[in-house]
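A look at the structure
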Amino acid sequence: MFLRLFPCLALLALGLAACNRHAPESTAKSGSPTIALVVKTLNNPFFIDMQAGAEAETKRLGVNLLVQAAEREIDVERQMQIVENLIERHVDALCIAPSGSREIVPVIVKANRAGIPVLIIDTRADEKALAAAGGRIAAFIGSDNYDGGRIAGAFVAERLGGSGAVAVLEGIPGHETGDARLRGFREAIAAAPGIHIVASQPANWERDQGFNVCQNILQAHPDVKALFACSDLMALGAVEAIAAAHRTGQILVVGFDALPEARAAIKQGTMAATVAQFPQKMGELAVANAVKALKGEAIPASIPVPIQLVK
Amino acid sequence: MPSLVSALRLRGIRKTFPGVLALDGVDFDLLSGEVHILLGENGAGKSTLMKIISGASRRDAGTMEIAGVPVDLTGPRHAQELGIGIIYQELNLVPHLSVAENILLGREPMLCPGVLDRRRLRRIAQELLDELGLTIAAGAVVSSLGVAEQQMVEVAKALSLDARVLIMDEPTSALTSQEIERLFATIRRLKARGVGIIYISHRMEELFAIGDRVTVLRDGRYIGTKAIGECTLDSLIAMMTGRDLDAQFPKEAARPGEVALRVEGLGRNGVLHDISFSVRRGEIVGLAGLMGSGRTELARALFGADAIDCGRIEVHGRERRIRSPREAIDLGLGFLTEDRKTQGLVLALSVQSNLCLPSLDKYARGGVMMETRERAAAGRMVDELHIKTPGLQQRADCLSGGNQQKVVLGKWLCTAADILIFDEPTRGIDVGAKVEIYRLMNRLAAQGAAILMISSELPEILGMSDRILVMHEGRIAREFSAGATQEQLLAAALGRSV
Amino acid sequence: MTLKPFLIRYARQFGTLFGLVLLCIALWIATPYFLTSSNLLNIMEQSAINALIAVGMTFIIISGGIDLSVGSLVAFTGVVLAGFLHDGWPWPLAVACGLVAGLGCGIVNGLLVTLGRLPPFIATLGTMSVARGAALLYTDGRPSSGFDSGFRSLATGQVLHIPAPAVIMLVVYVLGHFVLTRTKFGRYTYAIGGNEEAALLSGVRVRLYKTLIYGAGGLLSALAAVLLTARLNSAQPIAGINYELDAIAATVIGGTSLLGGQGTMGGTLVGALIMGVLRNGLNLLGVSSFVQQVVIGAVIILAVLVDVLFKPKKK
C-alpha cells in the first residue's frame, strides 16, 4: 500500500535524469570553468538581455554558464538559497544581480569562505553591510543609476520649460537601484524651481501596478504634465492608463531601461524618452571579467557600463 | 397475493472481503407479487446480499436465477436491464429537476436528436404516477416535495424501468406515520402488479403490517425463511440474535431518589416556552413529541449548547447557569445526541479518543496525556459495553451503528455523568444492540442516574419510561405515568386535549 | 490484525517518506553534488523557514481552518523584531518580544474566526493585507538591516556541525509532534477539525482552542521571521510573500487533509523537505527557474492525486 507513490516518483526520477542530460554543462567542454549567473528574475526583459550577453561571451571564451533566478524579483531569500546551492555545486565564479543590496551580503560571505569569486552586477551590494560582515567582491559591473535618474530629470525639466507638475512611479521601496534613480531624478528636478513633484508612489516594478497607480495619480492630480517611472515596465503601464484617460500626448512619460517595447512607444509618440542601460553589455563584461579573475589577472573593482537617454 | 412464480432465486451465495466472510452459503427466494422481508442485525450481510442482487458487487460462489433463468450480473446496469430496481436509504434524485425529468433521467423522449419532447416526457411520467395512485404532479420540482413523495418518485423511476424485482432499503426511516401508510398503499399496488419486493427495515412493527414472508440472516449465514403469520416478535428477535430475549423492552422497576434536575419556566425565544419539569435520581423520564416540537431544542438548551432566555435550572438542588456544554459536563450532565455521525462522534478519530474526549482532563496532567490511564479507561468501557471493535485505535467510522452508539454512550460513562439526556438513543441500530442499550439505561438508573429519554418511537417511550412528558409546539403539553397508551401520547403530541 | 491498522494509519506518511527517499536517490544518480553532507545540511537549513511555518499551518489545517496571513506575519514580526533590535534591546529579549507579537497576531486571527465567526479564509485574507500594510507603514517601506552577531548566530551558528536553523527546525518538529499526539491541545485539534459540533457537545472549549491554534500559527510564523531576519541580516516589509502557499503545499504533500481532522507532523516535515530537496536539486542540475515551478506544482498535484486515487473506498 505504501508503495503507491512509487510509479509517480519513478517517473520523476527519470525526468530528473533527463533534465541532467540536457543541462548545459554536459554539452560543454569538461575541464573548462563553470560560471554561474544569478539574476533577480527571468521574467523581466532586462535580465533576459543580460543572460543573452553572458551566453554570447561564454560561447566566445569557451567556458560553461549556468543561469538561475528566483520566480519573483524581490524574493531575496530564494535568491540566497540559489546561491547557496550553487556554492554546493562548486561553480568556479558567481555573477550576481542582487535582489536586495543588503540581503545579499551573508551569501557573499559564504562564497568568500568557499573561495569562489563574486562579481556583482547592476545593483550594488551595500558597502557598509559588506564591510561589517567582512565580505569581499571581485568587481561591480553596472551603470550609475543615479546618473541615469539625473539625465531623465534634466530632460523633463527642459521639456516642460521650467514649470509644471510631475508625478513619479517608484520601484519597491528600499531597493538600491530604484532609490538611486529616484535620488538622481529628484536632484535634477530640484534644480528647476518652477517644477514640482506632486505625487511619488511605489508601483513595485510591475506593469499592472504602474497602470493602477498612474490612474490614481491622474485622478488626484489632473494637472500632471510629466511622469517619470523608475522602470519601463511601470512606464508602459502608465502609458496605458494615460490612454484610458484619453490624455495620450498630453503627458510626458519617461521610463528607464530602454526595453524594445519602450523604444517602440517612443517611436509612436506615447512615451517621450527612456534611459538606456546596456544589460547585454553587463552580461558580457561580467563573464569576461569572471574569466579574467579565474586566470589570476587583475580586474578593476568597478566596471562602469555606459548609460544614455533615448528620445 | 403472492403467485408461485419465482422472480428471483439465489442458492449458496458466498462472498468474502479481505479477512471477512460476509456471506456464507445464503439462499433466498422471491416470488412475484410478494413482499419479502430481509431481516438481520447490522453486519449480518443484508447490504452485501443486496449489492450482489443489484449488480453492484459480484458473488464468489453460488447461483442466481431471475425468473428461472441463470444469470451472471456484470454490473448495476445489467441488473437494471433484467428488471431489478433498488431504492436506497439515501435518495438519488436531482433536486432541481422536475419529477418527470428525474423519472426519465437519461432516457428522455426526444423530438429529434438533441431536442427534448417535453410534453411526452411529462405525459409518460404522469401516467406512471397515476398508475401508482399518487397525487404528485409530474411537473413539480423534486426539491419542493416531502421525503415520502420523493421516495414515491424513486418508486416510479424504478417502475419506469419495468422492474420486476424492487429492493427497498429502510424506506420508512425518514417518514411520518401517515407517509408510511401512503408508502404501504403503493407497495400493495405494486404487489398487485406482480412486482416482487425485497424489504429491509429495522422497525419490527412494519414487518407485520406489510410483509408476506421473512428471511433472517445472522453473521453472513442463512438462518431461515418463514411466512410472517407464523412469526412473533420474540421468535424473530431470537432468530436474529441467536438467543431468546425475554422482552423487547427489559424495563426494571425504578426506585426514584431525590430530584437531580429541575427546570422551571425555561424559555428560548420562538422555540421553547415555559418549560417546567424535574427528573429524579434512578428515574427514566420519556420525552415524546412530534418532529419539531422542541424536544431536541430543549435538550440542547439544558446542555448549554443553545442559550436560554428565561427560566431556572437546578442541578442537585442548586440553581445553576449553564452557558456551555463544558459547564454542563462539569455539573455531571451527559448528552447522547440524536445524530451520532454529525454530533456524537469524531468519525476520523479512534474509538479510544472518542470515548475519552469529554473527560480528557482526567487523563491529562498539565495538558499532557497520560496514555496508559487513557487506554485503561477506554479499554474498560469497551469491555463493559461490549463494544465490538478490532482495537482501541480503530477509527470510529469503521464501527457498525450499534457499536458507534455504544461509544457515544461510553463517553458519558467516562465522565461519570449522573444526569443523562438521551436523544433518540436507538435510532438506526439493530434489535440486539437496542436491547443492550436499554439494559444499560436500566443499570445506570439503578446506580442512581437521572435519565431523560427523547424518542420518536412510542413503544420505546412506553416500554422504558417511568414517567412521560409530551411536547407540543415548544411546550410541555402533558405528563403521563408509565401506564399511558400510544393513543393518549399521540393525541397529546398532536395538541389535542384528551 | 495488529499490523494492518498500523499500516493503514501510517501508509500515507510512509508513501511520502518513500517519495522523499526516491527523490534523493534520483538526485544522487543525477548529480554528484547532491549527496554530500554539506549539501544535505544546506537543504535542512534552507527548508527550515518553510518547515517552521508549516508546523503552525498543520495545526490550523487539522483543526479545519486555513491561515493565509502567515507570510505577511513573517514580514510584520520581522520588522517589529528589527525595530526592537535597533532600539538596542538585548537580542534574546527582542526575539521574545517578536515571538509575542506573532502570537498576538495569531490570536487576533483566532478571535476573528471564533468570536467574529468569519470563515478562516476571509479572516486571514484580511489580516494578510493588514499585516503587510502595517509592516510597510512601520518601516516606511524600507528594509532595516545590520544586527549583532549574537542574534545572527541563530541562523549562522552551528550545533555539532549542524546549522542552527536545522536544529531549531528539528526541535520544533519533535515538540510539535509531541503536542499533536500526546497532549490535550493536540487531541482537541483533531476533534475540532474532525467534527466541531461533536467536539463542542463533548465539552471541548472550541473557541478557546481554535483561538490558541491560530495563536500557535502566529507564533511559529514569528519564529520563522526570527530565522529569516537573522539569515538575511535584514528585515524586509516585503518578505514572506507567498510563504503561506509554500506552507500549505508542504502540509498537503505531507498528507494533511484540507477538510480537517487528519494529518501528522512527520508528514509535514517530509513535505517541507521534499520541496526543499526539489528546489535544491533543480538548482544543482541547472534547471531553469520556469521548469522548477512546473515541477513543484506537479509534485503537489501528484501527492494529493495519489492520495485521492488510492484512498480506500467508503463502504
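Our subject is the structure that appears above.
In this report, the structure presented in the accompanying data block is examined. Just so we're clear, the structure is a prediction, and the values are computed from it rather than from any experiment.

As a further point, take the state of the cysteines. Residues and elements named next belong to chain B. Within the structure shown, the criterion is met by zero disulfides over all chains. Here Cys398 is not disulfide-linked; the sulfur of Cys356 is the nearest cysteine sulfur, at 18 Å. Here Cys398 falls in the partly exposed class, since its relative accessible area comes to 44%.

Okay, a nonpolar patch on the surface next. Residues and elements named next belong to chain C. Together, Phe14, Leu17, Val21, Ile25, Trp28, Ile29, Leu35 and Leu40 line one region of the surface with nonpolar side chains, adding up to about 730 Å² of accessible area. Within the element layout of this structure, Leu35 appears in the loop between helix H1 (3-30) and helix H2 (37-62). Assessed through its relative accessible area of 44%, Leu35 is described here as partly exposed.

Here we come to the packing of aromatic side chains. As enumerated under the stated definition, the model contains 11 aromatic pairs over all chains in all. Geometrically, the ring pair formed by Phe147(C) and Phe151(C) is edge-to-face, given 5.6 Å between the ring centres and 80° between the ring planes. Relative accessible area serves as the criterion here: at 11%, Phe147(C) is assigned to the buried category. With relative accessibility at 0%, the residue Phe151(C) sits in the buried group. The structure contains a cluster of three or more aromatic residues connected by ring pairs, namely Phe59(C), Phe185(C), Tyr188(C) and Tyr209(C). The ring of Phe256(A) has Arg181(A) lying over it, and the distance from NZ or CZ to the ring centre is 3.9 Å.

Residues and elements named next belong to chain B. With respect to the helices and strands, the residue Ser276 is situated in strand E14 (residues 272-280). Along the chain, Ser276 and Arg262 lie 14 residues apart, while their C-alpha atoms are 7.5 Å from each other. When residues no more than four places from it in sequence are discounted, the contact partners of Ser276 are Val263, Glu264, Gly265 and Ile476. In terms of polar contacts, Ser276 uses its side chain to reach the backbone amide nitrogen of Gly265, at 2.9 Å.

What counts, and at which threshold
- Residues numbered from 1 in each chain as written.
- Chains lettered and ligands numbered in written order.
- Predicted model: local features only at pLDDT ≥ 70, side-chain atom pairs only at ≥ 80, totals over all residues.
- Heavy atoms only, no water.
- Disulfide = S-S within 2.5 Å.
- Buried < 20%, exposed > 50% of the residue type's maximum accessible area, 1.4 Å probe, protein only.
- Patch = residues over 30% accessible without salt bridge, like charges linked within 9 Å, V, L, I, M, F, W, Y side chains within 5 Å.
- Areas by Shrake-Rupley, 256 points an atom, 1.4 Å probe, with all protein chains shown as cover.
- Salt bridge = Lys/Arg side-chain N within 4 Å of Asp/Glu carboxyl O.
- Helix = DSSP H or I, 4+ residues; strand = E, 2+ residues; numbered from the N terminus.
- Phe/Tyr/Trp six-rings, centres within 6.5 Å; stacked < 30°, edge-to-face > 60°.
- Lys NZ or Arg CZ within 6 Å of the ring centre and 35° of its normal.
- Contact = heavy atoms within 4.5 Å.
- Polar contact = N/O pair within 3.5 Å; in protein donor to acceptor, adjacent residues only side chain to side chain.

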